[in-house]
Amino acid sequence: MLDDLHALVEFAQAGSIAGAADRLFRTPSAITRQLQRLEAALGAELLDRSVKPPRLNSLGSKVLEQARDLLQRTEAMKSVASRDAEPHGLLRIGLAHALAEGTLIKPIRALTEKYPKVRLRLLSALTGELFNRLLGGELDVAVVFLPEGKTAPSPLLTNIIASDRMEIVQSAAGNIDDDWESLSRAPWVLNPSGCLLRASLIDQMERAGFTPMVAAEIHYNIHLQLALIQSGYGVGLLPARFIARKNCRDTVEVLRPPSFDLRLSVAITRIGQLGALERAVELLEHGIRHLFGAANTTKPVSRGRRGVPASRRAARPRK
């Protein structure tokens, strides 16, 4: 019916069947058949054929108005669904709490500057909640942490775009040794229960036969966690990229207990394709990948055993 409505619009614009045929590169008889087919579908005559050339009657004029509106809406719908169209419209992005930090401003700003017709709506939440919102149609994409080798639950689509390495750190003036037994006796500054990072750390400690003593649960405020660790309140778990960026060489010490290796995948998850917004999402992915890639090329700050003065090492009480 859309083709027939298009023929009606062109007929009204040209003022004749022959004119509409020229505009649509068809024969007059083909345009006549389209108009007759449209009348049959609607069950009413749209043309006054008592005059030559025929013209729209009163009902035809009303149908013409709605036909133009419908065709415009159809074109807008095609634009939304087309990857070739300039990205435009609302893009709803979810960010896992552990990833919602200031460095993400750069890829987000790059997206809005390149595609000014895209409006962003950001939401920070736990990964599980973000998955539920994706499935419920409340989000278009979510940037989350996932255990290495894992994907989001079906039917969500997962695109791994980077890897993030975590480090155990204490104050530069601390005296905790880098073995699991010493770390199990130390006070810990961690995210609340439900955090994937915390769960992964506890799993590695328990496999070594120990359990951390949690002294502070800070709700995904990485800057406050760093401040508490620097003050000597306890040991904590921070991203290597964050430690390097903050230039913490003189304020924290990285501890590496035996076999400790905690890396998480950074992933973009979604329910399906996004049409015209697809290129905007690809730009966001590129920006985040570059952000983490640059961070991973910088060696994390680590005083280590070799970097601690001998006088300080000798002064440490043995446990």
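Residues numbered from 1 in each chain as written. Predicted model: local features only at pLDDT ≥ 70, side-chain atom pairs only at ≥ 80, totals over all residues. Heavy atoms only, no water.

For the rest of this paragraph, the subject is the packing of aromatic side chains. Centre-to-centre distance and the angle between the planes together describe a pair of aromatic rings. Taken as a whole, this structure holds 1 aromatic pair when the rule is applied. Look at Trp-180 and Phe-260: their rings are 6.0 Å apart centre to centre, the planes differ by 70 degrees, and that puts the pair in the edge-to-face class. On the criterion of sequence distance, the pair formed by Trp-180 in helix 7 (residues 180-185) and Phe-260 in the loop between strand 10 (252-255) and strand 11 (263-270) is long-range, its members being 80 residues apart. (Phe/Tyr/Trp six-rings, centres within 6.5 Å; stacked < 30°, edge-to-face > 60°. Helix = DSSP H or I, 4+ residues; strand = E, 2+ residues; numbered from the N terminus.)

Moving on: the nonpolar core. Across soluble globular proteins, nonpolar side chains show a tendency to be buried alongside one another. The biggest cluster of nonpolar side chains holds 55 residues, and the ones touching the most others in it are Leu-91, Ile-168, Leu-183, Leu-201, Leu-237, Val-266 and Ile-288. With 19 residues, the next largest nonpolar core counts Leu-8, Leu-35, Leu-38 and Leu-47 among its residues. (Core = buried A, V, L, I, M, F, W, Y, C linked by side-chain atoms within 4.5 Å. Buried < 20%, exposed > 50% of the residue type's maximum accessible area, 1.4 Å probe, protein only.)

Counting buried positions along strand 11 yields 7 of 8 residues, so the element is predominantly enclosed. Here strand 5 (residues 141-147) runs beside strand 11; their pairing, made up of 7 bridges, is antiparallel. Bridge pairing in strand 11 links Val-144 to Ala-267. By the bridge criterion, 8 bridges tie strand 6 (residues 157-171) to strand 11 in an arrangement that is antiparallel. (Pairing = 2+ DSSP bridges.)

This part is about helix 1 (residues 2-14). Between its first and last C-alpha, helix 1 extends 18 Å over 13 residues, near the 18 Å set by a 1.5 Å rise per residue. In the stretch just after helix 1, Gly-15 is the one whose phi turns positive, near 90 degrees. (Expected span 1.5 Å × (residues − 1).)

Turning our eyes to something else, we now look at the confidence of the model for the chain. With 88% of its residues at a pLDDT of 70 or more, the chain shows a mean pLDDT of 85. In this model residues 300-319 is a low-confidence stretch, pLDDT under 50, and it forms 47 contacts with partners more than four residues away in sequence or in other chains. (pLDDT = per-residue confidence, 0-100. Contact = heavy atoms within 4.5 Å.)

Next up on the list: the layout of surface pockets. For the largest pocket, the calculated volume is near 220 Å³. In this structure, the largest pocket is lined by 16 residues; those nearest its centre are Thr-127, Phe-145, Gly-194, Cys-195 and Leu-196. Only helix 6 (127-135), strand 5 and helix 8 (196-207) provide two or more residues apiece to the lining of the largest pocket. Across the lining of the largest pocket, the residue classes break down as 12 nonpolar, 4 polar and no charged. (1 Å grid on protein atoms, 1.4 Å probe; cavity = no way out; pocket = protein on both sides within 12 Å on 5 of 7 lines; lining within 4 Å. Points joined across faces, edges and corners; volume = space filled by probe spheres on them. Nonpolar A, V, L, I, M, F, W, Y, C, P; charged D, E, K, R; others polar.)

Another aspect to go through is the pattern of salt bridges. Pairing is possible between side chains that carry opposite charge, provided their charged atoms lie close to one another. By the definition in use, this model includes 17 salt bridges. With its nearest N and O atoms 2.9 Å apart, the salt bridge here joins Arg-49 to Glu-39. Placement of the pair is Arg-49 in the loop between strand 1 (47-48) and strand 2 (55-56) and Glu-39 in helix 3 (residues 28-42), with a sequence separation of 10 residues. Arg-49 gets classed as partly exposed once you look at its relative accessible area, which sits at 36%. When the shortest N-O distance is used, the salt bridge between Glu-86 and Lys-117 registers 3.6 Å. Of this pair, Glu-86 sits in the loop between helix 4 (58-81) and strand 3 (89-96) while Lys-117 sits in the loop between helix 5 (105-114) and strand 4 (118-125), and the two are 31 residues apart along the sequence. Taking the relative accessible area as the measure of exposure, Glu-86 reaches 37% and is therefore partly exposed. The structure contains a network of salt bridges with shared partners spanning Glu-129, Arg-133 and Glu-138. (Salt bridge = Lys/Arg side-chain N within 4 Å of Asp/Glu carboxyl O.)

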